[in-house]
Amino acid sequence: MSTVLRGAARLLADSHVPNPDPDSTALLAHAWGIDASDLARRRLFGDTVPTQVTENFAQLIERRRQRVPLQHLVGSAAFRHLELQVGPGVFVPRPETELLVTEILEELERQQNTQVPFVIDLCSGSGAITLSLATEHPQLAVIGVERETEALNWSLKNLASVHLGDSTVDLVSGDATSFADERPELWGRADVVVTNPPYVPDEAVPRDPEVREHDPAAALYGGSTGLEIPALIMLQAEKLLRPGGFFIMEHSEEQGRAACELIMSTASLRQAVTFPDYTGRDRYTVAHRVSEVDL
Ligand SMILES: C[S@@+](CC[C@H](N)C(=O)[O-])C[C@H]1O[C@@H](n2cnc3c(N)ncnc32)[C@H](O)[C@@H]1O
């Protein structure tokens, strides 16, 4: 088995695929229909890879060489404690987005709401943020809003496979740039509004083929500066938030300052602060909605 894995990793490395060793291991486990620890055990015992598995594995390695995302090949992406189903038509959730969930859970702790806290996730994609919050908080009401049908369908599949406990989740089809306008009954109701919107500038086509060719364009591009769509979403967020409510938005490492300026230019979002991701780069900005402002 080690020879098979080494050969596959070399093929991936020769095609400049990042992380060739872990990708080969994950793909062999997938081809074999076993998990990583089972694979490690079989490797330790020097098990031989069955012929059919070798053939499936070779096909997967070839597709990975063509830069099909690992998560599409294995059919899932790890996000916090969830294993989310992903594939064509949905944005693969990223590790840095996990930080927003931590931030929200800490904020909810600080808020000490007497009622069940209410969170709105604008641009919910696979449901990564929505479902993590709903499953990690003891009791939460979350609405996830997604415009693209394929992405929404992936999130509905994911919703069906998690255990919500006392939380409730509503995944709805909607446009995050006009959601509040269409749902006036939600004005001033949300304790938290979170968004990981499309924020790549239209001209800044990503270098990695996995992103450029496999993440949906609707998930990536946010307008000429990348912040046109996020700016519209902010205006919806301030309508949805109750006074004192918390806004949190992911953005690129170059957009921290602009995100703060946009927040400060709204009528009711204040105290903008940008935080870094695991690599120390600016990644998300938070703010609070002040009271007594007519929107
Ligand atoms: C960067 S992805 C984030 C997905 C998910 N929240 C996550 O963190 O992995 C952005 C998502 O926003 C969706 N989207 C783009 N424009 C939208 C809009 N105007 N209204 C609602 N969803 C939108 C895309 O289809 C995509 O699923």
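Just so it is clear, the model here is predicted, and its values are computed rather than measured.

Conventions adopted
- Within every chain, residues take consecutive numbers counted from 1 along the sequence as written.
- Totals for whole chains, interfaces and linings use all residues, but because this is a predicted model, local features are given only for residues with pLDDT of at least 70 and pairs of side-chain atoms are given and counted only at 80 or more.
- Here, strands pair whenever DSSP counts at least two bridges between them.
- Strands here mean DSSP runs of E at least two residues long; helices mean DSSP runs of H or I at least four residues long; both are numbered from the N terminus.
- Angular values range over 0 to 180 degrees, each being the angle between N-to-C directions of two axes fitted as lines to C-alpha atoms, with helices fitted over their stretch in contact.
- By definition, residues are in contact whenever their C-beta atoms, placed on the basis of the backbone, come within 7 Å of each other.
- Look down the strands so they point away from you; if the path from the first strand over the helix to the second goes clockwise, the crossover is right-handed.
- Structurally, a nonpolar core is described as a collection of buried Ala, Val, Leu, Ile, Met, Phe, Trp, Tyr and Cys residues joined by way of C-beta atoms within 7 Å.
- Residues with at least 20 other C-beta atoms within 10 Å of their own are called buried, those with 12 or fewer are called exposed, and the rest are partly exposed. The C-beta atoms themselves are positioned from the backbone.
- Nearness between a residue and a molecule or strand is assessed with a C-beta atom placed from the backbone; a distance within 6 Å qualifies.
- Amino acid classes used here: Ala, Val, Leu, Ile, Met, Phe, Trp, Tyr, Cys and Pro are nonpolar; Asp, Glu, Lys and Arg are charged; the rest, including Gly, are polar.

So what's going on with the sheet that holds strand E8 (residues 269-276)? Residues and values would help.
Pairing is mixed in the open sheet, where seven strands are placed in the order E5-E4-E3-E6-E7-E9-E8. Each edge of the open sheet is held by one strand with a lone partner, namely strand E5 (168-173) and E8. With direction set aside, neighbouring strand axes in the sheet form an average angle of 15 degrees. Bridge count between strand E3 (residues 118-122) and strand E6 (residues 190-195): four bridges; the pairing is parallel. Residue pairing in the sheet places Asp121 in a bridge with Val194 of E6. Along the sheet, helix H8 (residues 149-160) contacts strand E4 (141-146) and E5; its crossing angle with E5, the most-contacted strand, is approximately 165 degrees.

Pulling in residues and values, what's your account of the pairing of E5?
The sheet contact formed by E4 and E5 spans six bridges and is parallel. When the bridges of E5 are listed, Glu146 appears paired with Ser173. With respect to chirality, the unit in which E4 leads through H8 into the neighbouring parallel E5 is right-handed.

Lay out the nonpolar core in plain terms, naming residues and giving numbers.
Ranked by size, the top nonpolar core spans 58 residues in total, and within it Val119, Leu122, Val193, Phe247 and Ile248 carry the most contacts. Among residues more than four places away in sequence, those in contact with Leu122 are Val145, Ala176, Phe179, Val193, Thr195, Ile233, Gln236 and Ala237. Of all hydrophobic cores here, the second largest spans 13 residues; its members include Leu27, Trp32, Leu39 and Leu70.

Explain the site of the ligand to me, and be specific about the residues and the numbers.
Around the ligand, the structure places 23 residues, and the nearest of them are Cys123, Gly125, Arg147, Ala176 and Asn196. Elements represented by at least two residues in the shell around the ligand include exactly helix H7 (128-136), E4 and helix H11 (217-220). When its residues are assigned to classes, the shell around the ligand shows 13 nonpolar, six polar and four charged.

Quick one: what's the story with unusual backbone geometry, residue by residue and with numbers?
You will see that His16, though not glycine, has its phi angle at about 60 degrees, which is positive. Examined against the element boundaries, His16 turns out to sit in the loop between helix H1 (2-14) and helix H2 (20-32). For Cys123, which is not glycine, the phi dihedral falls at a positive 80 degrees. Note that Cys123 resides in the loop between E3 and H7.

Outline the environment of Ser265, supporting the account with residue identities and numerical values.
Along the chain, the position of Ser265 falls in the loop between helix H13 (256-264) and E8. Taking C-alpha positions, Ser265 is 25 Å from Ser124, a pair spaced 141 residues apart along the chain.

Outline the pairing of strand E2 (residues 82-85), listing residues and values.
A one-sided burial pattern is seen for E2, the buried positions being Leu82 and Leu84 and the unburied ones Glu83 and Gln85. Sheet topology note: the strand E1 (residues 76-79)/E2 ladder contains four bridges and is antiparallel. Its bridge partner being in E2, Ala77 is matched across the sheet by Leu84. In this antiparallel pair of consecutive strands, E1 and E2, the connection spans two residues, and Arg80 shows a positive phi of 50 degrees.

Take it as geometry only, folks, not as evidence of what the structure does.
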